[in-house]
Each structure stands twice: as C-alpha cells, then as structure tokens.
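# A look at the structure
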Amino acid sequence: PILSVPAATPLRPLPDGSGEESYVLAVDLGTGGPKVAVIAATGRIVAHAFEPVGIQLGEDGSAEQLPQDWWDAVVVSARRALTQSGVSPEKVIGVGCTAQWSGTVAVGADGVAIGPSIIWMDSRGASAVRNTVRGALNVQGYGASKLTRWVRRTGGIPSLSGKDPVGHIHFLRQERPDVYAATAVFLEPVDYLGLRLTGLARASHDSITLHWVTDNRDINAVAYDDGLFDLAGLERSRLPELVPTGSIQGGLTATAAAELGLLAGTPVVSGTGDLHSAAVGSGAVDDLDGHLYIGTSSWISCHVPFKKTDALTNVASFPSGIPGRYLVADEHETAGACLTWLRDNLLFPDDALDPGGSAPADVIARLNDLAAGVPQGARGVLFTPWLNGERTPVDDHTIRGGFHNISLSSTRADMVRAVFEGVAFNSAWLLGAVEKYCKGPFESLAFIGGGANSDLWSQMHADVLGRTIRQMADPVQANVRGAGLLTLLALGRISLTDIPATVEVKATYTPDPDASARYAPVLEEFINLYKETKGIHKRLNGRKLAGHPA
C-alpha cells in the first residue's frame, strides 16, 4: 500500500511580535495521556491541561493503546489549555510535539491508524528479533558482523527484548499479517501526531533512531541506509520520509485546526521523543550537563559532543532534539510506575476484599509521607523495581521485581519506603554506567518528571547517588516545556543559550555522608539480587513471554 499524501497546507504568515505577544502550543503524549500547554515566547507556561488515556497490558508481554484515544485526549486538552490561557488563535505561531518513544502505529493508505498502537513496553517481538539479529558467530545474542555494522552506523542495535519498533513490526508481520499487509507506513507515536496535525507522514532524524535503519555517523546528514534495512528485515517503503531535526514539518490542516481551535497553516515543527524533549525542558542543554527523569519510566541523560556506544551496558548517544547534537540514551522500564502499581494492584484494588475500592486523590502524597516516617534502609526490606523487565544497564525483558528480606515484623510502611528506595538504588546502578560512558562524574543532576515533586525522593537520590540533586520547578511539565522550547527554537524566537534561564531550580539537595554510608552496602546487595535471580526469572518468564505455557 502507498499512503495517499495530500498536498501540504500552505504556512500562514506569522506576526512579528516577540515575548508575551507570541505563543506556541506544545503537546507531550506520555504513556498516561497527553499534557498540552500554551507557552509564551519567553518560555513561560501560560496554561496547561492533561487528559488520561488507558493502556491495555497482557501477560504475554503486550502493551497497547488506541491512537484515536490519543488524538481525542490531545484535542480535549488543547482546547482546555487554550481557553484557560485566553490566548487568541492568531497569536499561536507554532505547534510542537513530544511523545513516548519506541512505539509503533500502523497506518493505512487512507492515513487512518489500523488497530491499536504497540507501545514501548511491549515485548512480543522478542523471539522474532532474536532470530533476525543472529549470525554464524554471535556476541551477546547478535551476529558479530551485524553487531559491528549496526553499532558503527546507528550507535545502537535492535533490542533483544523486542521493545522497539523492529520487534513491533516483526511481531505484526508474523502474528497479524492482515494488519501488516494493509499498512502503508509505520510511525512512532510522535510522528503519528505529526500526521494528524499536518496530513503528512514524516519522521525526524531523531525520532526515527530506534528503527535502527539510519546512518547517524554524520549528525548533519542522517539518512536511511539500505544495508541496515536488510539487517533489520524491514521494508523501506513502509517507513516515512525523513526531515531534519528542528525543521518545519508542515502547516496545520484545516481539519486539525478546527478540532484544536487554531488557524490552518500554523507551522508544525518536527516532533521528538520524550527523552529528547526532557533534556531541553530540564534546562540542561550544555554538553555533559546531566538530568535525572522519573516518570512512568526513568533515565539519566545529557548532551554529548560525540557518537559512541557501550554495548555491555546498553548506553549510547543518538541524534538529539537539538539540531547538530547527540544525546545519551538509556532507560529504566518502571520507576514512578512502581508507585502506581503499589497503589492500584496492592493497596487499593477493586477486588473481593474491597469491592469498588479506589485510592484517595492524594494517595501518592500519603505514600510519600508514610515512607518519610520509616528509617533509611526500610528496616531491612529491599524492593527491586523491575516490574516489566529492564533495559539499562542490563537489557533483560524476563527479569521481574519483588520485595526481599521481609520478616514478620515488616510493616506496610516499610514496604512503601522500600519502593521509593528501590527506584533510587536502580538510579544509582544506572548512574555508574552513564558516568563511565561519559568518562567522569556529574557535579549535579537536574531532577525532573513527576518523581521530582517529592522532596523525600530528591534527598534520597542525593544520598544514594552521592550527587547534588537540583529539583527543578514544575518538574511534571519538563517534557511539554521542552517541546515548546524546541518549537520556539525552530521558529527562531529563542536561541539555545536562552533555554537554561527559562527553567527555575526549586531546591538543591546535597548528599548526607552518614546516609550515603548506610545506603552503600544495601546498593551492593541490590545489584547482587539481579545477578543471583536473573536465571530464576529467565526460567520462570522466558517461555511464557515467548508464547509458550509457563
């Protein structure tokens, strides 16, 4: 199938105003739903709104969302934010998007999504990827020559977990051949939003990276590579046209404009993954200026002036959302998601013990307060947060989490504290890999994402990581703020050097030497728990996730 691409909507003339006279609409499509903000040309967030979106998870490793649900939630949030802002449509000079990265939307020739999107948590393509990447001589599951070519050209390799678009597309071809046959183009979630906004199927040099089919060695000339398509087993005809990072993708269509309450022809800037926008929204845009993000997932990242890959720890640098720059990429599968799991699956489930049970609106704050009342070390209880496998510093889709060292005297409060600490221990494990990659320690880390709302978690990370933590103001808005700043940058309304001053530091946390000393041996045992249990989890989960009975 060939996507019927309409003629691009002409860009409308833009006002010459600056400062508070011009605004952009920024969209951040997170796993839990989109945040949409109206952002002034000064970088100030004028108004924002959020609309939740559900997710369908399965024991077979499936993780899906409906693209139409995304769009409906974007429209609701955009209209609400625009109404709250009082900004007239003619003053909105651009639209920019960021979204959960490493997802796949199958789109038909009519431009309509076919079925649900497969998102970044989905591992059903694992066996297909393993068969694709093997060779005569294998290194860590990859054919040696294939591994060398992939890493040299792209900076990375298809994940053996099956949780990137290579795995998703192979899964669709094998298990849903009707969907595959009807697909004209496979798009990342952010590029699907771009299609809905402009009518054009495009991917940017940064958003396409996790398909592993672009040569990224020259950051200013990223391009598809036919040899990589052969290695990945993907079809060039089913991937979108590439546009440069930070370019104008097209004008807002009349249909999209009417739904959102904007003017047709408003410029839409090429989208980025959430990692890319978070780096900008943290204010840490200088090389080797690090940030820690804790949302549903988590990561530690920074911009770097080089392309490099550490295949042993799954840390690499890829094209960033800033033109001409690279960004360190890594990820923890579940961080803040551990608290929502605790809330929904353990403390307040709707089940026979509490029919219709629901958590109080301020439950996360209550969990935070409960954890704060427990001594450091959670009275010996240790939680491993690998609830959906792990990516960095180990790529292991069969590992699972758990509570450890529980005794008859362990309390609910101890277990809640252990969840907070387990996420921090995981961050420290990751920090070691990232600092080794960057060849030196970070002086401090900008802390963003929903987790950064917690003063407890901020101090805990400072103590466990042994690094100064800068808790950024409005940390939940970091991604949408980054999307807005990148849009203003692309439109020439701000410069890169303006960005750090747009993000305020709420508080600074320095490590407590006594606390750091208490945490150090527990961190060592946390890492040992992975080494000692990975074989057990592989035996328990490997066959089940491959589609066989457990």
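Higher on the page you've got the structure.
To start, this report covers the structure provided alongside it. Values in this document were obtained by computation on a predicted structure and should not be read as measured data. (Residues numbered from 1 in each chain as written. Predicted model: local features only at pLDDT ≥ 70, side-chain atom pairs only at ≥ 80, totals over all residues. Heavy atoms only, no water.)

### Quick word on the sheet that holds strand β27 (residues 444-448)
- Judged by pairing direction, the sheet is mixed, and its 5 strands sit side by side in the order β20-β19-β27-β28-β29 without closing on themselves. In this open sheet, the two strands that pair with only one neighbour each are β20 (298-301) and β29 (505-509). Taking the axes of each pair of neighbouring strands and ignoring which way they run, one obtains an average angle of 20° across the sheet.
- As paired strands, strand β19 (residues 290-294) and β20 are joined by 4 bridges and run antiparallel to one another. By the bridge assignment for β20, Y293 is matched with W299.
- In this fold helix α12 (residues 412-438) packs onto β19, β20 and β27, with an angle of close to 30° to the strand it touches most, β20. (Pairing = 2+ DSSP bridges. Helix = DSSP H or I, 4+ residues; strand = E, 2+ residues; numbered from the N terminus. Axes fitted to C-alpha atoms, helices over the stretch in contact; angles between N-to-C directions. Contact = heavy atoms within 4.5 Å.)

### With respect to the pairing of strand β6 (residues 92-99)
- Counting buried positions along β6 yields 8 of 8 residues, so the element is predominantly enclosed.
- Pairing of strand β1 (residues 23-30) with β6, which is carried by 7 bridges, proceeds in the parallel orientation. Paired with D28 across the strands is T98, a residue of β6.
- Here β6 runs beside strand β18 (residues 272-273); their pairing, made up of 2 bridges, is parallel. Within β18, the position partnered with A99 by the bridge is G273. (Buried < 20%, exposed > 50% of the residue type's maximum accessible area, 1.4 Å probe, protein only.)

### Thoughts on helix α3 (residues 144-154)
- Of all the positions in α3, only K146, L147, W150, V151 and T154 are classed as buried. Projected onto a plane normal to the axis of α3, the buried residues spread over an arc of 120° and lie on a single side.
- Positive phi appears at G155, one or two residues downstream of α3, with a value of about 95°. (Arc of directions from axis to C-beta.)

### Points about the state of the cysteines
- Tallying each qualifying case throughout the model produces 0 disulfides.
- Between C438, a free cysteine, and C302, which holds the nearest cysteine sulfur, the sulfur-to-sulfur gap is 3.8 Å.
- Take C438: its relative accessible area is 10%, and that puts it in the buried class. (Disulfide = S-S within 2.5 Å.)

### A few points about the nonpolar core
- Counting 57 residues, the largest nonpolar core has I300 and F420 as the members making the most contacts within it.
- If one sorts the elements of this core by residue count, α12 sits on top with 15 residues.
- With residues near it in sequence (within four places) discarded, I300 still touches H291, L292, V328, D330, S427, L430, L431, V434, F442, L445 and L465.
- Formed by 45 residues, the second largest nonpolar core is a distinct cluster that contains A106, L210, L234 and A446. (Core = buried A, V, L, I, M, F, W, Y, C linked by side-chain atoms within 4.5 Å.)

### Some details on the pattern of salt bridges
- Considering all chains together, one arrives at 20 salt bridges under this definition.
- We note a salt bridge from E64 to R124, for which the minimum N-O separation is 2.8 Å. Here E64 is found in strand β5 (residues 63-65), whereas its partner R124 is found in the loop between β8 (117-118) and α2 (126-133), with 60 residues between them in sequence.
- Accessibility expressed as a relative area gives 11% for E64, which makes it buried.
- Each of E64, D122, R124 and R176 takes part in one network of salt bridges that share partners. (Salt bridge = Lys/Arg side-chain N within 4 Å of Asp/Glu carboxyl O.)

### Quick word on the packing of α12 against helix α13 (residues 455-465)
- It is at 9 Å that the axes of α12 and α13 come closest, and there the two elements cross at 45°. In terms of their interaxial angle, α12 and α13 are classed as oblique. As for how α12 packs across α13, the hand of that crossing is right-handed. The residues of α13 that touch α12, namely those facing R417, F420, E421, V423, A424, F425, S427, A428 and L431, are L456, W457, M460, H461, V464 and L465.
- When its residues are assigned to classes, the contact of α12 with α13 shows 11 nonpolar, 2 polar and 2 charged. (Parallel < 35°, antiparallel > 145°, perpendicular 65-115°, else oblique. Left-handed = near helix turned anticlockwise from the far one by under 90°. Nonpolar A, V, L, I, M, F, W, Y, C, P; charged D, E, K, R; others polar.)

### Regarding the packing of helix α9 (residues 274-281) against helix α14 (residues 478-490)
- Taken N-terminus to C-terminus, the directions of α9 and α14 make an angle of 85°; their axes are 7 Å apart at the nearest point. Considered as vectors, α9 and α14 are oriented roughly perpendicular to each other. Here α9 contributes D274, S277, A278, V280 and G281 to the contact with α14, which in turn contributes A478, N479, R481, G482, A483, L485 and L486.
- Among the residues making up the contact of α9 with α14, the classes are represented as 6 nonpolar, 4 polar and 2 charged.

### Quick notes on the packing of aromatic side chains
- Here the structure, examined in full by the defined rule, presents 17 aromatic pairs.
- With centroids separated by 5.3 Å and ring planes inclined at 70°, the aromatic side chains of W212 and F318 adopt a geometry described as edge-to-face. Note that W212 is positioned in the loop between β12 (202-204) and β13 (214-215) and F318 in strand β23 (residues 315-319), a separation of 106 residues in sequence. For the pair shown, W212 and F318 are each scored as buried.
- On the basis of an interplanar angle of 10° and a centroid distance of 4.2 Å, the ring pair of Y293 and W299 is categorised as stacked.
- Among the residues examined, W299 registers a relative accessible area of 2% and is labelled buried.
- Aromatic ring contacts, followed pair by pair, group W386, F425, W429, Y519, F526 and Y530 into a single cluster. (Phe/Tyr/Trp six-rings, centres within 6.5 Å; stacked < 30°, edge-to-face > 60°.)

### Some points on the sheet that holds strand β22 (residues 309-310)
- Taken together, 4 strands build an open sheet; the order of strands is β21-β24-β23-β22 and the sheet is antiparallel. The open sheet terminates on both sides in strands that have one partner only, identified here as β21 (303-304) and β22.
- Direction of pairing for β23 relative to strand β24 (residues 326-329): antiparallel, over a ladder of 4 bridges. Across the sheet, the residue bridging to F318 is L327, located in β24.

### Points about the environment of P500
- Here P500 is to be found in the loop between α14 and β29.
- For P500, a relative accessible area of 33% puts it in the partly exposed group.
- With 217 residues separating them in the primary sequence, P500 and G283 have C-alpha atoms 4.3 Å apart.
- Discounting chain neighbours no more than four positions away, the residues touching P500 are G283 and V285.

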